[in-house]
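Structure assessment
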Amino acid sequence: MRILIEKIRLWGSQQFDQLLQKNRAEWKWLAEKPAPLSSLNRNLWRGAVPSVNFYSLLFLSGVIAALGLLANSAATIIGAMIIAPLMGPIIAIAYSVSMGNRLLLRRSSFTLFTGVVLTVAIAIIITWLVGLQNLGSEVTARVRPTLMDLGVALAAGGAGAFAKSRKSIADALPGVAIAVALVPPLSVIGIGLARASSEVSIGATLLFLTNLIGIIFSGAIVFLWQRYGSITKAKHGLTLTILLLVFLALPLGFSLQNLLVKEQVHNTVWSIVHTKTLTFANSDVHELRVNVQKTILVVNLEVTAPANSISPKQIKEVQKLLQQELKKPVIFKVRVIPANEFEAQPELYD
């Protein structure tokens, strides 16, 4: 029996090897090597040149992004991401880091800098012209970056560098542009400057720098992995990007921790309001916001309820319950909107 099993195993191994060799022979023509150095170099130089095409597309992308952010339209913002040409000079910077090409680094950095200034200036002008005072969720979502945004930037940078070195997957670049979103943060910076809001402009600046440094670092790593350049040539550039990543990781990690705390508190408060207290049983919850102020949690609740149905004493009891559940000092703010009901009866005619 043992001999039979051994023969079957040997036969199966031989059949598998034959199948593998056959597939290798049949699919060998599909194997794709990285683009030749001269071709990739020429392609990246073309994307790093400050041309009329670059500034024209960037101008239109900036206009679309600024209007989309002010109108709070996600679809419009995605359109701006697709046509934005900023990935060109940034991938060129990553390539110049891996190759130690200072001339390309200077050219692509100049193109990127002027593009950044143009995009921010467009957003400032459009914000002044439109004159909207309330910022929508599309703007506020880009002022609190976390380590998750850095992870997206690292993955997008690697994908962009890989797509640039493979002609057959160049159509993946629009997807990379959508994933990493370079123009919208710059537009938010302009909106924040136009509104004189340091919180908005600083938060969006941190997001853009996170995307920029993440793309450059991972893009350079992918180029080195494909044998473009060498570690010796890229040593200084990689060292600088690693230091910048470590510097950025501190506020991003703190922001992520705050986000997780807010999510936990939000879920706990929602559970308490709906299942562990009768104070808000006859009310309709409109908004629940949680802010972290050092060691104190600030919970803002907005509800619609019948007049005089909620008393300050009840609010104090719920606040004590929240502190017991969360084990942290809690400031509980409740805004009650009186609910007025009207009913009109039809007139009866004889």
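Just above, that's the structure.
Only a predicted model underlies this, so the values are computations on that prediction, with no experimental measurement involved.

1. Description of the packing of helix H3 (residues 52–71) against helix H6 (residues 102–130)
Two quantities define a packed helix pair, namely the angle between the axes and the distance from one axis to the other. Across the interface, H3 lies against H6 with an axial gap of 9 Å and an inter-helix angle of 40°. One element, H3, and the other, H6, form an angle in the oblique class. Judged by the sense of rotation from one axis to the other, the crossing of H3 with H6 is right-handed. Facing H3, whose interface residues are Phe 54, Tyr 55, Leu 58, Phe 59, Gly 62, Val 63, Ala 66, Leu 67 and Leu 70, H6 presents Phe 110, Thr 111, Thr 114, Gly 115, Leu 118, Thr 119, Ile 122, Ala 123, Ile 126, Thr 127 and Val 130. Counted by class, the contact of H3 with H6 contains 14 nonpolar, six polar and no charged residues.

2. Quick look at the environment of Leu 250
Here Leu 250 lies in helix H12 (residues 231–276). For the pair Leu 250 and Leu 147, spaced 103 residues apart in sequence, the C-alpha to C-alpha distance is 9.1 Å.

3. With respect to the pairing of strand S3 (residues 330–338)
With nine bridges connecting them, strand S2 (residues 296–305) and S3 associate as parallel partners. Looking at the pairing, Leu 297 lines up with Val 330 of S3. At this point the chain moves from S2, through helix H13 (residues 312–326), to the parallel S3, and the crossover so formed is right-handed.

4. As for the pairing of S2
Burial runs high along S2: nine of the ten residues are buried. Direction of pairing for strand S1 (residues 284–293) relative to S2: antiparallel, over a ladder of nine bridges. By the bridge assignment, Val 285 is partnered in S2 with Val 303.

5. Re the nonpolar core
Counting 64 residues, the largest nonpolar core has Leu 86, Tyr 95, Leu 182 and Phe 223 as the members making the most contacts within it. For this core, the leading source of residues is helix H11 (residues 198–225), giving twelve residues. Once you skip the residues sitting within four places of it in the chain, Tyr 95 turns out to touch Leu 37, Leu 40, Asn 41, Leu 44, Leu 104, Phe 223 and Tyr 228.

6. What to know about helix H10 (residues 183–194)
Helix length check: H10 (twelve residues) gives 17 Å between terminal C-alpha atoms against 16 Å at 1.5 Å per residue, within 8%. Looking only at H10, the buried set comprises Val 183, Pro 184, Pro 185, Leu 186, Ser 187, Val 188, Ile 189, Gly 190, Ile 191, Gly 192 and Ala 194. One or two positions beyond H10, positive phi appears at Ala 196, with a value near 55°.

7. Re the sheet that holds S1
If you trace the three strands from one edge of the open sheet to the other, you get S1-S2-S3, paired in mixed fashion. The sheet terminates laterally at S1 and S3, the two strands that pair on one side only. The average angle at which neighbouring strand axes cross in this sheet is 15°, direction not considered. The strands touched by H13 are S2 and S3; relative to S3, the strand with the most contacts, the crossing angle is about 140°.

Thresholds, definitions, all that
Residue numbers here run from 1 along each chain, matching the order of that chain's written sequence. Residues qualify for local features only when their pLDDT is at least 70, as the model is predicted, and side-chain atom pairs are given and counted only at 80 or more; totals for whole chains, interfaces and linings, by contrast, use all residues. Here the side-chain values reflect all heavy atoms present in the structure, with hydrogen atoms and water set aside. Every axis in this analysis is a line fitted to C-alpha atoms, fitted for helices over the stretch in contact. Angles between the N-to-C directions lie between 0 and 180 degrees. Strands are runs of DSSP state E lasting at least two residues, helices are runs of H or I lasting at least four, and both sets are numbered from the N terminus onward. By definition in this entry, angles of less than 35 degrees are roughly parallel, angles greater than 145 are roughly antiparallel, angles of 65 to 115 are roughly perpendicular, and the rest are oblique. By convention the crossing between two helices is left-handed if the near helix lies anticlockwise of the far one by an angle smaller than a right angle, and right-handed if it lies clockwise. Whether two residues touch is decided by their heavy atoms; if any such pair falls within 4.5 Å, the residues are in contact. Classification used: nonpolar for Ala, Val, Leu, Ile, Met, Phe, Trp, Tyr, Cys and Pro, charged for Asp, Glu, Lys and Arg, polar for all others including Gly. Paired strands, as defined in this entry, are two strands with at least two bridges between them according to DSSP. By the criterion used throughout, a crossover qualifies as right-handed when its path from the first strand across the helix to the second strand runs clockwise, the strands pointing away from the viewer. Burial status follows relative accessibility: with a 1.4 Å probe on protein chains alone, a residue under 20% of its type maximum counts as buried, one over 50% as exposed, and anything between as partly exposed. Put simply, a nonpolar core is a bunch of buried Ala, Val, Leu, Ile, Met, Phe, Trp, Tyr and Cys residues held in one set by side-chain atoms that sit within 4.5 Å of each other. Helix span is expected to be 1.5 Å times the residue number reduced by one.

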